[in-house]
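# Structural overview for review
What follows is the residue order along each chain.
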Amino acid sequence: MIVAMSHTASEEDIQGMMARLRQDGYDGQINRGVERVVIGVFGTGFAPEYPETLENLPGVASVTRISKPYKLGSREFQPHDTIIDVSGVQIGSGDFVVMAGPCAVESREQVMTTAEAVAASGAHLLRGGAFKPRTSPYSFQGMGEEGLQILSEARARTGLPVITEVMEPEEVETVDRYTDVFQIGTRNMQNYPLLRRVGQMRKPVMLKRGMSATVEEWLMATEYILAEGNREVMLCERGIRSFDTTLRNTLDLAIVPMMKRLTHLPIIVDPSHATGKWYLVKPAALAAAAIGADGIIVEVHPDPDRALSDGPQSLTPANFADLMASLEPIVAATGRRLCSAVAAV
Ligand code: PEP
Ligand code: MN
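In what follows, the accompanying structure is described. (Residues numbered from 1 in each chain as written. Chains lettered and ligands numbered in written order. Predicted model: local features only at pLDDT ≥ 70, side-chain atom pairs only at ≥ 80, totals over all residues. Heavy atoms only, no water.)

A separate point is the sheet that holds strand 2 (residues 27-32). Taken in spatial order, the four strands make up an open sheet running 2-3-1-4, and their pairing is antiparallel. Looking along the sheet, the strands with just one partner apiece sit at the ends: strand 2 and strand 4 (60-64). On average, adjacent strands in this sheet sit at an angle of 20 degrees to one another, irrespective of strand direction. As paired strands, strand 1 (residues 2-5) and strand 4 are joined by four bridges and run antiparallel to one another. Directly across from Val3, in strand 4, lies its bridge partner Val63. (Pairing = 2+ DSSP bridges. Helix = DSSP H or I, 4+ residues; strand = E, 2+ residues; numbered from the N terminus. Axes fitted to C-alpha atoms, helices over the stretch in contact; angles between N-to-C directions.)

A word on the site of ligand 1. In the vicinity of ligand 1, the residues found are Arg127, Lys132, Pro133, Glu165, Gln183, Gly185, Thr186, Arg187, Lys208, Arg238 and His273. The separation between an oxygen atom of ligand 1 and a polar side-chain atom of Gln183 is 2.9 Å. Between ligand 1 and the protein, one listed contact pairs an oxygen atom with a side-chain N or O atom of His273 at 3.5 Å. Protein chains shield 97% of the accessible area of ligand 1, which is 290 Å² for the free molecule. The pocket occupied by ligand 1, as judged from atoms lying within 2 Å of grid points, is the largest pocket. (Near = heavy atom within 4 Å. Polar contact = N/O pair within 3.5 Å; in protein donor to acceptor, adjacent residues only side chain to side chain. Areas by Shrake-Rupley, 256 points an atom, 1.4 Å probe, with all protein chains shown as cover. 1 Å grid on protein atoms, 1.4 Å probe; cavity = no way out; pocket = protein on both sides within 12 Å on 5 of 7 lines; lining within 4 Å. Sits in = over half its atoms within 2 Å of the grid points.)

Attention shifts here to the side chain of Ser74. Within the fold, Ser74 resides in the loop between strand 4 and strand 5 (84-86). You can call Ser74 buried: its relative accessible area is 0%. A polar contact is formed between the side chain of Ser74 and the backbone oxygen of Lys71, at a distance of 2.7 Å. Engagement of the side chain of Ser74 in a polar contact is seen with the backbone nitrogen of Phe77, the distance being 3.2 Å. Discounting residues that sit within four places of it in the chain, Ser74 has contacts with Ile66, Leu262 and His264. (Buried < 20%, exposed > 50% of the residue type's maximum accessible area, 1.4 Å probe, protein only. Contact = heavy atoms within 4.5 Å.)

Structure, rendered in structure tokens:
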């Protein structure tokens, strides 16, 4: 249920509403918009007359039942777009954001070379996994905390904020010391203890869509983070499983404008994992920009043939530079621009 307070509601009215909700055994979360305050009410089994009871309290404009199971992430709860500030990079503001870097941190040299190259081409964030969720336990599992240290050195050198994956609730504090954005991978989209834990942090989270997750499951997973109080969540479409195995995954591109209708949270597209082939990354990335994504996350490796993970889908620095140049007119054609954040070294 959503309680929209009127433009003239006082702080006392708002707090009065929160107290009443608690008294009636419900939980409420306040969303302060530019124009008015909206309160999301959580609970089940509201009596049929309950909305009207609340409507009669001071300062209330309207009370609406929400039939959707997700609340805090819904457009009903927050009509305006969420903008997430990552060290000056505004994600969801309308400007197009590019995150780029290797699939996995392999060495200091590999990360520095990649970070400097993607920064020079105009990337806004540096990606790289130190804890890798590999399908096989015998594959390279990532460098762990040493990898995180390398990423922060790259941040210091290039000024690019870092996004890196966290896989376990127990790792969250360690990763928090080094990263600017927590990435939750496709395999952990429904790892509820992990979602709750990052929800308790005060740092942005990018939640990738589970490879077989419906949109509703994805948005319900998002709700676990939001309900803990962390409102800085962005979503990432990275391809889903389908009957066809020609590509690594099937990029569900039309879901981008659909997500824009359903949720106020920014949506990023990952053309690398979605296609699995480096030569498809550029067309998929351009399509993501054209269809209105808030940004992309792309894998780049200085020597893809020798990459320890996801070489076949990694762009070389030269291919990444070409992608950045090609993105500009497409983004402009959608009435937007590439994010202009200047790296603060
Ligand atoms: C990644 O981005 O490094 C990754 C493992 O992606 P996904 O979770 O989408 O497979
Ligand atoms: Mn990868």
